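Residue strings, one per chain:
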Amino acid sequence: MSKEQQAVARARKAFETGRSKSLEHRIRQLKNLQRLFIEKQSVISDAIKKDLNKSVVGTQLYETLGLEGEIGLAIKKLKEWAAPRPVEKNLMTISDTVYIKPEPLGVVLIIGAWNYPWAVTIQPLIGAIAAGNAAVVKPSEVCVHTAKVMEDLLPLYIDKELYPVVTGGVSETQELLRQRFDHIFYTGNSVVGKLIMEAAAKHLTPVTLELGGKSPCYIDKNCDITIACRRVAWGKYTNCGQTCIAPDYILCEPSIQDQVIEEVKKAIKEFYTDNPKTCPDYGRIINQRHFKRIISMLEDSTIAVGGDNNESDCYIAPTVLRDVKPEAKVMQEEIFGPLLPILSVSSLDEAIKFINKGEKPLALYVFSSDKQVITRMADDTSSGGLLANDCLVHFSVSSLPFGGVGNSGMGCYHGKYSFDQLSHLRGCLIKQLKMEGVNSMRYPPHTTKKLGWARFFILQTVDLGWVGRMALLAILAVVAAVVLQNYFL
Amino acid sequence: MSREQLVVQRARRSFQTGKSKPLESRIHQLKSLLCFISERQKEIADAVKRDLGKSERGTELFETLGLEGEIKLAIEKLAEWAAPRPVEKNLLTILDEVYVRPEPLGVVLIIGAWNYPWAVTLQPLVGAIAAGNAAVIKPSEVSSHSAKVMEELLPQYLDKDLYPVVTGGVSETQELLKQRFDHIFYTGNCTVGKLVMEAAARHLTPVTLELGGKSPCYIDKNCDISVACRRITWGKFVNCGQTCIAPDFILCEPCIQSQVVEEIQKCIKEFYTDNPETFEDYGRIINQRHFKRLMALMEGSTVALGGGNDESQCYIAPTVLKDVTGESKVMKEEIFGPLLPIITVSGTDEAIQFINEREKPLVIYIFSNDNKLIKRVIAETSSGALLANDCLVHYSVSALPFGGVGNSGMGCYHGRHSFDQLSHLRSCLIKQLKMEAVNSMRYPPHTAKKLSWARFLLLKQVNVCTLQRMALLATFTGLAAFVAQKYLRSR
């Protein structure tokens, strides 16, 4: 048996003992996870620094703070989320117990990504634990140092049989994908996403795919361009553009292009100093392969800001490209790097048309003071999420489902959505063995009269609140009549 | 270009015109669908009679009544379902608009099944239309008469570009599956389910798979066996057992097996007379292939009741098999026919073990007066749904999500769940270009001080309502203090 087969078999055996199901167990594991982030902050930061050159504060701000919030939320709300959810009754079920019961699925496979290795690998894990599952955690091998830290640390805090960490590359992942899971949660790119879903199909395993795409960013000429560009610059260059919801490219009218460039330049200087290379808050490209990939995108575009780079360091300066054409290399795939192309469009119409020619993105950004512009953008396009007048921050609103549509993914998570995504929401109807008379309308021989009754019961979607009130009124009237009668007689 | 390619392309072009999106259009199409069902009841019933031997009233009761209910519900609730859904705010979004916006996905492929050809093909369509999509409808070729009627009649009621019907067999379906859809809704068996999901993976198309399995039915010895058996008999032999949620087999203690057999015998006689073969409310097996499959399943088991059959008519009598074991032929696959095996178990423990050794079914049935026992079965098993003390009827509770888990399927529908399943629930956060100072805590250079602000604003799970009440209270207190002060001063 391979290492992967063993890990999965052990996780399944552990799940079958039932110990991941009790709320106490789930909360205990979540609290342990909480402690990990408090106690091992510096180990985590060191690894991130080596992988992505992120600063200690940057790691906290962008990786672990959000996780702490999600764990805290899950602990606080678990009882509510896991409780049976009563549903609306109809005339046929008026005396029955009808509810939806959230239940664990079994063994979940979580395949993480390298860009925010803790955030995108642990956040699904929170949902998996909260929902009562076992979970096999497969961090991305690309963020080498973080994968090692995860492999070393997680077993010290959470149940190592229920939640094993399996490290490795392509062949280890393929071996994992041959095993049977009850859900697979993958974060990464569309190409591998398709392979994951194909592998899942062989076992009829449902999947959540958090993919990517080119997230457009439309800047209306009638808005506060300074603030808009500040927010766009922050959204773009965080983690060196290696964010699934980074604004991939800008669409704006030619009349404001120069101003946009100017403002983005100012913001870059404010955030990363005159020399981003030496600024501790400016990151690096994850590896040379991606470095080369990104640099080659510069080939047929005009650099307006930045452009300098250093291969040995995997350093690419915050870069803005102007007058970019739709056919340019930089527009052929998701950039996932610190290059910000600006494409000119003559109007909102043209922007919308351009966006709709491409695949549905994970996020769509629109900067405007005009509500109508925002509404039109929302109505005439499709994307995982839509954020007006800022970048990235919808990620931290846990009451919003975070996920893609079309090529940007399927399924969603964050907050209660993580819990629901990794649960089976089982319909439960508890009837009694009484009132058999009512059922006669459904039994053969089928007659028109019986059918008439069935029609009444199934189609009369009566508001039970109203019926209840009428019934109460009727009872009160009868009681009053009886009392009066007794009194007067 | 193949016929299938053309149809899908036309549907997509139609969708892109935007005409499926306005609520008025959706309601208009749903009302037309309702007209279709009421005006064409006869054609529908005729087709189902030829396909499955079902009586006209049986077709109304088990196919179209439920559809009517779903269409009416969708029409009534559409404005509510399609409206933006505001969500809970946090400190950072207190001034923003935060909501989830249901949007159409695009072009949906609906692959129907043959057992309830109208119900399982049109009910997903109700959801697709309600959610603002276009939909390509592929009825099962096995229920050939119904497929033909659907192909001829639906275009007379619904927009034929947005909701085309494509008939055909395996190769036409495969050609359809090569095209790109925004969602595929399949009802049928696991084997084909896997192929559908694999095809969908190539385009990253999400799927809903309504599959099947062997739905167990546990009868507790301490319950009203007479009523229990009546409900089970009905659930089993409706449509000749060809129901995805039919009770597949019975588990019970040996001491009540004879009583169970006797009660079922009584019910069969009550429902289907002494001679079900000539009785109009008893159906037929869909075709000879399935007839032969079912006859072979009986091999090696003891027939307690029924067993009569006629291949030329695809008739199999309501049949009960006793003393069946887990290794019997009839326990190797979903029966989907009028054979009801009884397997004896020593008690609830063994019943639960038996159930858990097998794939997760679409539904588990448990007959008992003991609430504790029911809760135990719920807690220790997994299934699409669980129904205590009856069969099938959870199907018509539209507030309950109808779907499987594991081998019995993924995704769910009925009522609002259909709408949500075939929509994209898009997160929307509308901020303003003001209050930029608040954002300074997130911009580099990152400092410990800024971080602690971020920590405060992100982690404080403040109940906004409480905040508002506190704010109101503070305002009143301030006002009261102000007024009191003025009053005292003037005195």
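Above: the structure in question.
What you see is a predicted model, and the numbers here were worked out from it, not measured in a lab.

Asks: Describe the pattern of salt bridges, with residues and values.
Replies: Tallied over the entire structure, the rule returns 66 salt bridges over all chains. With a closest N to O distance of 3.7 Å, Lys77 of chain A and Glu80 of chain A form a salt bridge. Of this pair, Lys77 of chain A and Glu80 of chain A both sit in helix α4 (residues 56-82), 3 residues apart, which is roughly one turn of the helix. A network of salt bridges, in which partner residues are shared, links Arg230, Arg231 and Glu270 of chain A together with Glu436 of chain B.

Asks: Describe the packing of helix α5 (residues 117-130) of chain A against helix α6 (residues 144-157) of chain A, and please don't skip the residues or the numbers.
Replies: What describes two packed helices is the angle between their axes and the distance between those same axes. Residues and elements named next belong to chain A. One can describe the packing of α5 onto α6 by two numbers: an axis separation of 11 Å at closest approach and a directional angle of 40°. Classed by the angle they form, the pair α5 and α6 counts as oblique. The two elements α5 and α6 cross, and the hand of that crossing is right-handed. Seen from α5, the contacting residues are Pro117, Trp118, Thr121 and Ile122; seen from α6, they are Thr146, Val149, Met150 and Leu154.

Asks: How would you sum up unusual backbone geometry? Please name residues and give values.
Replies: For the bond from Pro444 of chain A to Pro445 of chain A, the omega torsion is -5°, close enough to zero to count as cis. Relative to the elements of secondary structure, Pro445 of chain A occurs in the loop between α15 (436-439) and α16 (448-459). A cis geometry characterises the amide bond from Pro444 of chain B onward to Pro445 of chain B, with omega recorded as -5°. Mapped onto the elements, Pro445 of chain B comes out in the loop between β17 (423-430) and α15 (448-459). In this model, Leu204 of chain A sits at a positive phi of 55°, which is unusual for a non-glycine residue. Tracing the sequence through the fold places Leu204 of chain A in the loop between α8 (190-201) and β6 (207-210). Residues other than glycine seldom take positive phi values, yet Cys240 of chain A does so here, at roughly 60°. Within the secondary structure, Cys240 of chain A is located in the loop between α9 (225-237) and β8 (249-252). Its relative accessible area of 0% is what places Cys240 of chain A among the buried residues.

Asks: Got a sec to walk through the side chain of Arg231 of chain B? Specific residues and values, please.
Replies: Within the secondary structure, Arg231 of chain B sits in helix α9 (residues 225-237). Classification of Arg231 of chain B by relative accessible area gives buried; the value is 1%. In terms of polar contacts, Arg231 of chain B uses its side chain to reach the backbone carbonyl oxygen of Gln432 of chain A, at 2.8 Å. Leave out the neighbours within four places in its chain, and Arg231 of chain B touches Gln432, Leu433, Lys434, Met435, Glu436, Asn439, Arg442 and Tyr443 of chain A together with Phe367, Asn389, Asp390 and Cys391 of chain B.

Asks: Could you give me a rundown of the packing of aromatic side chains, with the residues and numbers involved?
Replies: Summed over all chains, the structure comprises 32 aromatic pairs over all chains. A ring pair is formed by Phe36 of chain B and Trp118 of chain B, whose centres lie 5.8 Å apart and whose planes are at 40°; its orientation type is tilted. Taken together, the residues span a long stretch of sequence, with Phe36 of chain B in helix α2 (residues 23-39) and Trp118 of chain B in the loop between β3 (107-111) and α5 (119-130) at a distance of 82 residues. The pair Phe36 of chain B / Trp118 of chain B is uniform in exposure class, with both members buried. Ring plane angle 70° and centroid distance 6.5 Å describe the contact between Tyr272 of chain B and Phe279 of chain B, whose orientation is recorded as edge-to-face. Connected via pairs of aromatic rings, a cluster forms that spans Tyr443 of chain A together with Phe62, Trp234, Phe271, Tyr272, Phe279, Tyr282 and Tyr315 of chain B. We note Arg442 of chain A situated over the ring of Trp234 of chain B; from NZ or CZ to the ring centre the distance is 3.8 Å. Of note, Arg358 of chain B hangs over the ring of Phe354 of chain B, and the distance from its end group to the ring centre comes to 3.8 Å.

Asks: Describe the packing of helix α1 (residues 3-16) of chain B against helix α7 (residues 170-178) of chain B, listing the residues and the values that go with them.
Replies: Residues and elements named next belong to chain B. As a packed pair, α1 and α7 sit with axes 9 Å apart at the nearest point and diverge in direction by 45°. By the angle between their axes, α1 is oblique relative to α7. Between α1 and α7 lies a crossing whose hand is right-handed. Taking contact as the criterion, the partners of Arg3, Glu4, Gln5 and Val8 in α1 are, on α7, Glu172, Glu175 and Leu176. Broken down by class, the residue content of the contact of α1 with α7 amounts to 2 nonpolar, 1 polar and 4 charged.

The rules behind the values
Here the residue numbers are simple positions, counted from 1 along each chain's written sequence. Both sets of labels track the order of writing: A upward for chains, 1 upward for ligands. Local features in a predicted model are, by the rule used here, given only for residues with pLDDT of at least 70; side-chain atom pairs are given and counted only at 80 or more, and totals for whole chains, interfaces and linings are based on all residues. Each side-chain value is derived from all of the structure's non-hydrogen atoms; neither hydrogens nor water enter the calculation. Here, a salt bridge means any side-chain nitrogen of Lys or Arg that lies within 4 Å of a carboxyl oxygen of Asp or Glu. Helix and strand definitions here come from DSSP, where helices need a minimum of 4 consecutive H or I residues and strands a minimum of 2 consecutive E residues; each element is numbered from the N-terminal end. Lines are fitted to the C-alpha atoms to define the axes, a helix being fitted only along its stretch in contact, and any angle between axes, read from their N-to-C directions, falls within 0 to 180 degrees. Angles are sorted into four bins: roughly parallel if under 35 degrees, roughly antiparallel if over 145, roughly perpendicular if 65 to 115, and oblique for all others. Helix crossings are classified by the rotation of the near helix relative to the far one: an anticlockwise turn of less than a right angle makes the crossing left-handed, while a clockwise turn makes it right-handed. Only heavy atoms matter for contacts: two residues are in contact if any of them lie within 4.5 Å across the pair. Buried means the residue's accessible area, taken with a 1.4 Å probe over protein chains only, is under 20% of the maximum for its type, while exposed means over 50%, and partly exposed covers the values in between. The definition of a polar contact used here is a pair of N or O atoms within 3.5 Å, where within protein one atom must be able to donate a hydrogen and the other to accept one, and adjacent residues in sequence count solely through side-chain atom pairs. Paired rings are identified among Phe, Tyr and Trp, the last through its six-membered ring, by centres lying within 6.5 Å, and are further divided according to the angle between planes into stacked (under 30 degrees), edge-to-face (over 60) and tilted (the rest). Two thresholds decide whether a charge sits over a ring: the Lys NZ or Arg CZ must be within 6 Å of the ring centre and within 35 degrees of the ring normal. Under the scheme applied here, ten amino acids are nonpolar (Ala, Val, Leu, Ile, Met, Phe, Trp, Tyr, Cys and Pro), four are charged (Asp, Glu, Lys and Arg), and all others, including Gly, are polar.

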